[in-house]
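The chain contents come next:
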Amino acid sequence: MATSTKLLESLGNLEKDSFIPLLSNLIGESRHVQNNPPELIPEEDKVVKHLLNSLLPFSTTTGGGPLILNHVTYFPGRGNLIVEYPGTVPGKILSFVGCHMDVVTANPNNWDFDPFSLSIDGDKLRGRGTTDCLGHVALVAELMRKLGETKPDLKSTVVAVFIANEESSAITGVGIDALVQDGLLNKLKEGPLFWIDVADKQPCVGTGGMIPWKLHVTGKLFHSGLAHKAINPLELAMDAIKEIQLKFYKDFPPHPQEQVYGFATPSTMKPTQWSYPGGGINQIPGECNISGDVRLTPFYDVKNVMKKLQEYVDDINENVQKLESRGPVSKYVLPDENLRGSLTLTFDEANSGVACDLNSKGFHVLCKATEEVVGNVKPFSITGSLPLIRELQDGGFDVQCVGYGLMATYHAQNEYCHFSDMAQGYQVFVSIIAQLEN
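Residues numbered from 1 in each chain as written. Predicted model: local features only at pLDDT ≥ 70, side-chain atom pairs only at ≥ 80, totals over all residues. Heavy atoms only, no water.

What follows deals with the overall build of the chain. Check the secondary structure of the chain and you find 11 helices and 20 strands. Its C-alpha atoms give the chain principal-axis dimensions of roughly 85 × 45 × 40 Å. Here the chain holds 438 residues, and 52% of them are scored as buried. On the chain, roughly 18600 Å² of surface is accessible, and the fraction owed to carbon and sulfur atoms is 50%. Averaging the coordinates of the 36 positive side-chain charges in the chain and doing the same for the 51 negative ones gives two points 3 Å apart. (Helix = DSSP H or I, 4+ residues; strand = E, 2+ residues; numbered from the N terminus. Buried < 20%, exposed > 50% of the residue type's maximum accessible area, 1.4 Å probe, protein only. Areas by Shrake-Rupley, 256 points an atom, 1.4 Å probe, with all protein chains shown as cover. Lys, Arg positive; Asp, Glu negative; His and termini not counted. Charge placed at Lys NZ, Arg CZ, Asp CG, Glu CD.)

Encoded structure:
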């Protein structure tokens with residue numbers, strides 16, 4: 001069997017001369033893999049094509065090597081690619097998953113450089129997808145290519161899963177959800193699964209759930225000079241949101257586990273959008289909408305929070321006359337007209353956060369590898385959402401999260417990553433494989 005030293009020598013370092021051309025090809029497809037339906041439907045097979053060009057020469061398909069390639073497609077042009085390097089011990093396995101081949105949209109008019117072609121500025125690799133997540137696709141593909149080329153004698157099977165359709169949940173049954181449903185990833189439950197789609201080179205051990213909400217507020221339209229004859233929905237919305245937030249933070253305060261996991265913020269509930277039908281400045285409108293989200297640490301239950309929010313709204317509707325208002329004519333009932341202001345709460349699709357298992361072998365080898373390669377290990381948590389991984393965790397997978405792009409450029413204009421960070425990521429992956437051999 002390969003010793004750790006032999007394995008490290010065999011796999012070496014990330015080879016710039018092969019990584020950069022592959023990444024250049026992938027970023028060159030980023031225009032075609034923007035995910036914003038219905039306008040933009042990605043064609044992930046344009047990325048798969050370049051991966052196959054890199055990996056096929058070392059595959060069982062061509063007879064040139066040991067890599068087993070499985071191109072799985074549920075919608076035309078929207079494939080996933082599973083790459084397996086077989087080990088010698090049945091049931092001993094580790095996997096690198098989450099490298100997605102779609103990207104968020106980019107408007108070239110707002111960028112300082114072309115988002116849809118790779119450009120290099122010193123250590124910076126620039127273009128849409130360099131951080132999220134085509135840089136990771138190229139990185140993991142290079143690891144698998146090197147395994148196929150050098151053929152180290154491993155006990156562990158190493159699997160990479162390149163997925164379609166991570167950036168939007170508007171269309172389902174395309175990517176990892178379908179792969180899991182079809183049982184194609186079942187054997188990955190037997191070892192640690194490393195989700196490679198975060199940033200800043202440190203283990204991300206916790207993420208937040210998200211509950212998108214919309215509050216429709218109904219009042220009574222009237223002339224602003226006769227405010228006593230109106231029910232002002234804008235004021236009602238402001239006062240109602242304050243009441244809802246006060247109750248939310250009482251019922252869902254900072255959780256003790258948030259400190260253990262290093263969450264930057266506790267759970268939050270806040271408005272982010274406001275709209276109304278329009279009208280003159282001298283007109284109190286009859287209705288408005290206020291929308292926002294709840295970002296929930298994984299120690300609270302999403303369904304329970306949604307139930308509580310509905311209870312808060314129901315209580316306000318029943319007692320709207322008691323709601324604190326803003327002056328002698330800022331009232332939310334008109335008894336003479338038998339009119340009451342009212343709130344209607346609706347939700348879009350919600351998802352739960354994740355707290356990774358801090359006692360798992362996967363977590364410990366990731367931390368040790370990070371400390372060896374990066375020089376320190378500082379696990380962190382955020383209330384940003386990675387909706388797909390909670391389903392994996394609930395399905396019995398030992399999910400650990402890490403990534404080597406930059407949080408500062410995630411989904412941002414002028415996205416870039418550093419080659420030096422990707423090179424460290426490669427070394428971390430090699431260290432993980434070596435540790436698990438022992």
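For strand β19 (residues 398-402), the tally of buried residues reaches five of five residues, placing the bulk of the element in the interior. Pairing of strand β7 (residues 192-196) with β19 involves five bridges; the strand directions are parallel. By the bridge assignment for β19, W195 is matched with C401. (Pairing = 2+ DSSP bridges.)

Turning next to the UniProt feature "domain: Peptidase M20 dimerisation" (unreviewed entry) in the chain. Taking the UniProt record as the reference, the feature "domain: Peptidase M20 dimerisation" (unreviewed entry) is found at residues 206-319. In this annotation, residues 206-319 is assigned 37% helix and 30% strand; the end-to-end C-alpha distance for the span is 39 Å. (UniProt positions renumbered as here; feature names shortened; annotations may be inferred.)

Strands sit in the order β11-β13-β9-β16 across an open sheet of four strands; the sheet is antiparallel. Two strands in the sheet have a free side with no partner beyond their single neighbour: β11 (268-275) and β16 (342-347). On average, adjacent strands in this sheet sit at an angle of 25 degrees to one another, irrespective of strand direction. Pairing analysis gives six bridges linking strand β9 (residues 209-218) to β16, with the strands arranged antiparallel. Across the sheet, residue K214 finds its bridge partner in β16, namely T346. (Axes fitted to C-alpha atoms, helices over the stretch in contact; angles between N-to-C directions.)

It is worth spelling out the side chain of N232 at this point. Inspection of the secondary structure assignment puts N232 in the loop between β10 (222-223) and α6 (233-251). Note on N232: relative accessible area 15%, which makes it buried. Here the side chain of N232 touches E235 through a polar contact of 3.3 Å, landing on its backbone nitrogen. Beyond its immediate sequence surroundings of up to four residues, N232 is in contact with I284 and Y332. (Polar contact = N/O pair within 3.5 Å; in protein donor to acceptor, adjacent residues only side chain to side chain. Contact = heavy atoms within 4.5 Å.)

For the structure on display, the rule yields 19 salt bridges. For R78, the salt bridge goes to E44, with nearest N and O atoms at 2.8 Å. Here R78, found in the loop between β1 (68-73) and β2 (79-85), pairs with E44, found in the loop between α2 (16-27) and α3 (45-55); they are 34 residues apart in sequence, far enough to count as distant. Notably, a salt bridge pairs R145 with E142, separated by 3.1 Å at the nearest N-O pair. Of this pair, R145 and E142 are both found in helix α4 (residues 134-150), three residues apart, which corresponds to roughly one turn of the helix. The burial state of R145 is the same as that of E142; both residues are buried. (Salt bridge = Lys/Arg side-chain N within 4 Å of Asp/Glu carboxyl O.)

Next up on the list: a negative patch on the surface. Residues D177, D348, E349 and E391 make up a contiguous surface patch of negative charge. Within the secondary structure, D348 sits in the loop between β16 and β17 (354-355). (Patch = residues over 30% accessible without salt bridge, like charges linked within 9 Å, V, L, I, M, F, W, Y side chains within 5 Å.)

Time to look at unusual backbone geometry. Generally, phi is negative for residues other than glycine and the peptide bonds are trans, each holding for most cases. Following P37, the chain continues to P38 via a peptide bond in cis, the omega torsion being 5 degrees. One can find P38 in the loop between α2 and α3. Following D132, the chain continues into C133 via a peptide bond in cis, with omega recorded as 0 degrees. Among the structural elements, C133 can be located in the loop between β5 (124-126) and α4. Despite not being glycine, N165 shows a phi value in the positive range, around 60 degrees. In this structure, N165 sits in the loop between β6 (157-163) and α5 (176-181). Unlike most non-glycine residues, D200 shows phi in positive territory, near 75 degrees. Locating D200 in the fold gives a position in the loop between β7 and β8 (204-207). Judged by its relative accessible area of 37%, D200 falls in the partly exposed class.

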